[in-house]
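Observations on the model geometry
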Amino acid sequence: MANSKRTLFLKRRMRVRNKLRKVNSGKMRLSVHRSNKNISAQLIDDVNGVTLASASTLEKALGVVGKNNVEAATKVGAAIAERAKKAGVEEAYFDRGGFLFHGKVKALAEAAREGGLKI
């Protein structure tokens, strides 16, 4: 029986996350989630199990409510970088999950880098 898209996505997500955890122990994790309508990012401390900062297109302050395009991803990336600085985080590792690193996910990562977050 062939694997479904969801099963393949979950396998890819765990493969990426486990490889990153081995290499980047002690750093915060910048986790990205992309749906058909929105994109969000969280800065997570895995040691304490706490979310330090988050940004999403669901926030009215960003002005891109309900949009999921490269422009919206860029605004979310800039917002998460700014909030990470306020939380005292300078460096994190980028967890793309099961999403491919191009388009919206890449735009978010580049905007976070331009905002001063070392990824």
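Above this text is the structure in question.
Presented here is a report on the structure given in the accompanying data block. (Residues numbered from 1 in each chain as written. Predicted model: local features only at pLDDT ≥ 70, side-chain atom pairs only at ≥ 80, totals over all residues. Heavy atoms only, no water.)

**Quick notes on the pattern of salt bridges**
For the structure shown, the criterion picks out seven salt bridges. In this structure, Arg-29 engages Asp-95 in a salt bridge whose closest nitrogen and oxygen atoms are separated by 3.1 Å. Residue Arg-29 is located in strand E1 (residues 28–34), and its partner Asp-95 is located in strand E4 (residues 92–95); the two are separated by 66 residues in the primary sequence. Exposure remark for Arg-29: the relative accessible area of 7% places this residue in the buried category. Judged by relative accessible area, which is 0%, Asp-95 ranks as buried. Three or more residues are tied together by salt bridges with common partners; here these are Arg-17, Arg-29, Asp-46 and Asp-95. (Salt bridge = Lys/Arg side-chain N within 4 Å of Asp/Glu carboxyl O. Helix = DSSP H or I, 4+ residues; strand = E, 2+ residues; numbered from the N terminus. Buried < 20%, exposed > 50% of the residue type's maximum accessible area, 1.4 Å probe, protein only.)

**Let's talk about the environment of Leu-8**
As for its position among the elements, Leu-8 is in helix H1 (residues 5–23). Along the sequence, Leu-8 and Gly-116 sit 108 residues apart, while their C-alpha atoms lie 33 Å from each other.

**A few points about the environment of Lys-60**
Note that Lys-60 resides in the loop between strand E3 (50–56) and helix H2 (70–86). As a C-alpha pair, Lys-60 and Lys-22 span 38 residues in sequence and 37 Å in three-dimensional space.

**Considerations on the nonpolar core**
Soluble globular proteins tend to bury their nonpolar side chains together. Leu-30, Leu-43, Val-76, Ile-80, Phe-94, Leu-108 and Leu-117 are the most contacted members of the largest nonpolar core, which has 28 residues in total. Of all the secondary structure elements, the ones that give two or more residues to this core are E1, strand E2 (39–45), E3, H2, E4 and helix H3 (104–114). Among the elements that line this core, the one with the most residues is H2, at seven residues. If we skip the residues at most four places from it in the chain, Leu-30 touches Ala-41, Gln-42, Leu-43, Ile-80, Ala-92, Tyr-93, Phe-94, Asp-95, Ala-112, Leu-117 and Ile-119. (Core = buried A, V, L, I, M, F, W, Y, C linked by side-chain atoms within 4.5 Å. Contact = heavy atoms within 4.5 Å.)

**Quick notes on the packing of H2 against H3**
Packed helix pairs are specified by the crossing angle of their axes together with the interaxial distance, meaning the distance between the axes. H3 packs onto H2 with a crossing angle of 35 degrees between their chain directions and a minimal axis gap of 7 Å. The interaxial crossing formed by H2 with H3 has right-handed handedness. Note on element contacts: H3 touches H2 through Lys-104, Ala-107, Leu-108, Ala-111 and Ala-112, opposite Val-70, Ala-73, Thr-74, Val-76, Gly-77, Ala-78, Ile-80 and Ala-81. Broken down by class, the residue content of the contact of H2 with H3 amounts to ten nonpolar, two polar and one charged. (Axes fitted to C-alpha atoms, helices over the stretch in contact; angles between N-to-C directions. Left-handed = near helix turned anticlockwise from the far one by under 90°. Nonpolar A, V, L, I, M, F, W, Y, C, P; charged D, E, K, R; others polar.)

**Description of the packing of aromatic side chains**
Each pair of aromatic rings is reported with the distance of its centres and the angle of its planes. Evaluated as defined, the whole model comprises two aromatic pairs. Seen from their ring centres, Phe-94 and Phe-101 are 5.8 Å apart, and the 80 degrees between their planes marks the pair as edge-to-face. Taking the relative accessible area as the measure of exposure, Phe-94 reaches 11% and is therefore buried. In this structure Phe-101 comes out as partly exposed when scored by relative accessible area, which is 35%. (Phe/Tyr/Trp six-rings, centres within 6.5 Å; stacked < 30°, edge-to-face > 60°.)

**Description of the pairing of E2**
The element E2 is largely enclosed, with a buried count of five among its seven residues. The sheet contact formed by E1 and E2 spans six bridges and is antiparallel. Across the sheet, His-33 pairs through a bridge with Ser-40, a residue of E2. Adjacent in sequence and paired antiparallel, E1 and E2 are bridged by four residues. Where E2 meets E3, six bridges bridge the pair, whose relative direction is antiparallel. Looking at E3, one finds that Asp-45 is bridged to Val-50. (Pairing = 2+ DSSP bridges.)

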